[in-house]
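Structure at a glance
Now for the letters of each chain:
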Amino acid sequence: MLDHYWSRSGSQILEELGSGAAGLTTAEAQARLGRYGPNTLQAESRFSMLRLFFRQFRSPLLLILAGAAGVSIFVREWLDAGIVLATILGSGVLSFLQEFSANRAMEKLRQRVQVKSTVVRDGLTLAVPAAEVVPGDVLVLAAGTLIAADAVILEARDCFVNQAVLTGETYPAEKHAGAVGANASLPGRTNVVFQGTSIRSGTGRAVVVATGTKTAYGQIAGRLSLRPLETGFELGIRQFGQLLTKVMLVLVLVVFAINVFGAKPPVDALLFAIALAVGLAPELLPAILSLTLSRGAQRMAERGVIVRRLNAIENFGSMDVLCTDKTGTLTVGVVRLDGAVDAHGEASPEVLRWAALNAGLQTGLPNPLDEAIVAAAAPAEGYRKVDEIPYDFHRKRLSVVVERDGERRMVTKGALEGVLSICRTVPDDAAARFAAWSAQGIRVLGLATRTLAAGEAAQESELDFAGYLLFLDPPKPGVKTVLGELAGLGVAVKIITGDNHLVAAHLAQAVGLPAEAMLTGAEIQALSDEALWHRAERTTLFVEVDPNQKERIIQALQKMGHVVGYMGDGINDAPALHAADVGISVDAAVDVAKESADLVLLEQDLNVLREGIAEGRRTFANTIKYIFTTTSANFGNMFSMAGASLFLPFLPLLANQILLNNFLSDVPGMAIASDAVDREWIERPHRWDVAYIRNFMILFGLVSSLFDYLTFGVLLWVYQASAVEFRTAWFVESLLTELAVALVVRTRLPFYRSRPGRWLLYSTIAVAGLTLVISYLPGSGYLGFVPLPVSLLGLVVGIALAYALAVEVTKRYFHAHYRPVGE
């Protein structure tokens, strides 16, 4: 790419690139395509199949499970090893398939419309795929043209470019030939058209200087292709894995040292210590996560949402702030003419008739305002257009001259200030009316006319002011209700818009948001980062905002501990989408915005977001249930075995019995992925809180150990059980208590008031039944079990029931005295 190409003339650029007014030859264009590569952003390289697959195995929990598989192989427990390895592989494959299919769906979205560019080659004008445009190509520009590459203007006539997606400018920028300063900013490069922008009006030609990732558009996309920021969900998983790793390391060292000191065989003591540590690991957690996230993604896809990053679903559930623009999200997104009134504010058919003639006969690019006027008015008969003064963004008005029955009249329509400036008289209350209507969310245009004498030239001067045209983009039906429902879910909606504060305040009032909590872009610019952190939290409307301030607002909210979602569709939204905990875009968004987003909506609908939040919270709830169940019960059992090894002359359980216990308890654990979720989990956001999980694990683990030691006392001093009987009875008791705790801690309500999911209930009953009869089954001796006396078995069952009641009491105490972050 040429350095500072905007500081050179078009003719110089043509010469340096070996091109000319007739463009490149077809052969040269093909050669350059091979040399420079296709004109694409290559965003899909982030998602190469191999890299995507191996990315699924970075979790510390999966590394712990790999250790579990190694222990199982070492003790020749091939079935256990196979189960653990299958869990690791299955979890990775499920996550890979879902994420890969989501990215394939995004690719199909991008390919819905193949973009073509009009270029000059071999002296002929032809359309070629945008991906085949190369440096040196001469682009032909016309109204509606999508710019395929960065190019320097060779010639231009009234050429205005909509480049807001790149620079954030409110109005189209005029482009013309001629060099500009080498230090010119993007908006200041008036001789350059940029990839991703579009021609609003006018014509021109330009020579391509940069394609693909070398363009200004592509460089932004390239920065966003770096490793995404770690989400709150991913951080929680990582911290949880680190907690387990620390506990396991301490457990292995302490238990091994104690048993060796107690004169037990060193190899057996090491295997026992490692098996204890492995038993603490929630080995099905990755599979639980993949299943719940995949099911959530499938349900959201049915509602028109493509989930690009699975972990975003749980982050979606944790979201407590949603930032969005108003157009198309809170409003209908379709402008309608709300009124045509005279200078006194009275409805005027004459004003509507003149406005319809102006809008219907102008030959510029169609626009929503003119379309709204034409749709609202009946066709005027008998008029023909004589002349036209096209719209431009300096005058901000458009004039047509019409004739009927020999009478000519100039009709001018445009921004109120621009129209009033050419009128002979100005209504005294025009400014007050404009402010009042703007405060109601109404966009105001002015209309003026003048009768022309025969042969008189059309000039915009000495017109008579006729009246006002009032336009409205109304709030979506039901949006106020949806915002109320989001507030009921603990999600605050904040508007970030470039519109003026009066229009934004009116919309906020209309949809039930507090309009007084407002910050303007100028005020934001004057605030330090620390001051913005505190102001942003109390602000609902961010108005007249520069696009570059969006990311700063998102980060300020995050600094105050919020999980922030951001909804945007332009390239200037991409950094904010990338910074947000949940980036949300729409099907019609530019590609870079969709690539930055975690979720893509096929329709811009807050209802879909509300359903997605509920889905995320269900997923989070079932994930936490599994963690609570396995860590508390497993920690208790492992702590009990570690303590028992201090005074027992034998190991309380064999290594293979520990792994079997862990496997059987995970059968109903797998069903937690589809468990019913209490209403309170849906009604407010929840977050990962490792300290909260740690406290839960320790408290409930100690309660579990208390009943384990009660069992030890009964077995040793009442029944005087042998080593084999002890292991059998305690295996039954520890597994029954783990099954019981799953049904109790899965809800904050009393367990009898929250019905578990069907599969969880049935699998728990089945495993409990197997546990009670396992010592009587043929071949149980190979597992180190012996049949238990019925009286002993009954006593063990009684201890398990007493334990369930104790857990219920402990649960009420815990939830009364401990609260996770965010509640």
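Residues numbered from 1 in each chain as written. Predicted model: local features only at pLDDT ≥ 70, side-chain atom pairs only at ≥ 80, totals over all residues. Heavy atoms only, no water.

**Overview of the overall build of the protein**
Scanning the protein from N- to C-terminus turns up 29 helices and 21 strands. A burial count over the protein gives 55% of its 823 residues as buried. Once local pairs closer than 6 in sequence are excluded, the contacts in the protein between residues at least 24 apart make up 73%. Carbon and sulfur atoms provide 58% of the accessible area of the protein, an area that totals close to 34,700 Å². (Helix = DSSP H or I, 4+ residues; strand = E, 2+ residues; numbered from the N terminus. Buried < 20%, exposed > 50% of the residue type's maximum accessible area, 1.4 Å probe, protein only. Contact = heavy atoms within 4.5 Å. Areas by Shrake-Rupley, 256 points an atom, 1.4 Å probe, with all protein chains shown as cover.)

**Comments concerning the pattern of salt bridges**
Under the criterion given, the structure shown has 24 salt bridges. Across the pair aspartate 338 and arginine 336 runs a salt bridge whose closest N-O atoms are separated by 2.9 Å. On the basis of relative accessible area, arginine 336 is assigned to the partly exposed category, the value being 39%. Across the salt bridge formed by glutamate 615 and arginine 618, the nearest N and O atoms sit 3.4 Å from each other. Linking glutamate 615 with arginine 618, this pair stays in helix α23 (residues 606–647), spanning three residues, or about one helical turn. (Salt bridge = Lys/Arg side-chain N within 4 Å of Asp/Glu carboxyl O.)

**Notes on the confidence of the model for the protein**
Within the protein, residue pLDDT values average 83, and 85% of them lie at 70 or more. For the protein, per-element mean pLDDT is lowest for helix α5 (residues 78–110), which scores 62, and highest for strand β6 (residues 192–193), which scores 96. (pLDDT = per-residue confidence, 0-100.)

**Re the side chain of asparagine 191**
The residue asparagine 191 is located in the loop between β5 (173–175) and β6 in this model. Using a relative accessible area of 0% as the deciding quantity, one classes asparagine 191 as buried. Among the polar contacts listed, one links the side chain of asparagine 191 to the backbone oxygen of tryptophan 6, at a separation of 2.9 Å. Within the local environment of asparagine 191, its side chain forms a polar contact with the backbone oxygen of glycine 178, the two atoms lying 3.2 Å apart. Each residue touching asparagine 191, except ones within four places of it in the same chain, is listed here: Trp6, Arg8, Ala151, Val152, Ile153, His176, Gly178, Ala179 and Val180. (Polar contact = N/O pair within 3.5 Å; in protein donor to acceptor, adjacent residues only side chain to side chain.)

**Digging into the packing of helix α15 (residues 430–439) against helix α17 (residues 501–511)**
α17 packs onto α15 with a crossing angle of 40° between their chain directions and a minimal axis gap of 7 Å. As summarised for this structure, α15 and α17 are arranged oblique, according to the angle between their axes. Only Leu502, Val503 and His506 of α17 make contact with α15, whose side of the interface consists of Ala435, Ser438 and Ala439. (Axes fitted to C-alpha atoms, helices over the stretch in contact; angles between N-to-C directions. Parallel < 35°, antiparallel > 145°, perpendicular 65-115°, else oblique.)

**Things to note about the sheet that holds strand β17 (residues 518–520)**
Pairing is mixed across the open sheet formed by eight strands, whose spatial order is β8-β21-β20-β19-β9-β16-β18-β17. The open sheet has two edge strands, β8 (305–307) and β17, and neither has a second partner. Taken pair by pair, the neighbouring strands of this sheet meet at an average axis angle of 20°, ignoring direction. Here four bridges tie strand β9 (residues 321–324) to strand β19 (residues 564–567), and the two strands are oriented parallel to one another. (Pairing = 2+ DSSP bridges.)

**Quick look at the packing of aromatic side chains**
Each aromatic ring pair is summarised here by two numbers: the centre-to-centre distance and the angle between the ring planes. The tally for this structure, following the rule as stated, stands at 18 aromatic pairs. When the ring of tryptophan 437 is compared with that of tyrosine 468, the centres are 4.9 Å apart and the planes differ by 65°; the resulting orientation is edge-to-face. In this pair, tryptophan 437 is assigned in helix α15 and tyrosine 468 in strand β15 (residues 464–472), connecting sequence segments 31 residues apart. Centre to centre, the rings of phenylalanine 465 and tyrosine 468 are 5.1 Å apart; their planes meet at 70°, and the pair counts as edge-to-face. Just as phenylalanine 465 is buried, tyrosine 468 falls in that class too. Here the basic side chain of arginine 189 rests over the ring of tryptophan 6, its NZ or CZ set 3.5 Å away from the ring centre. (Phe/Tyr/Trp six-rings, centres within 6.5 Å; stacked < 30°, edge-to-face > 60°. Lys NZ or Arg CZ within 6 Å of the ring centre and 35° of its normal.)

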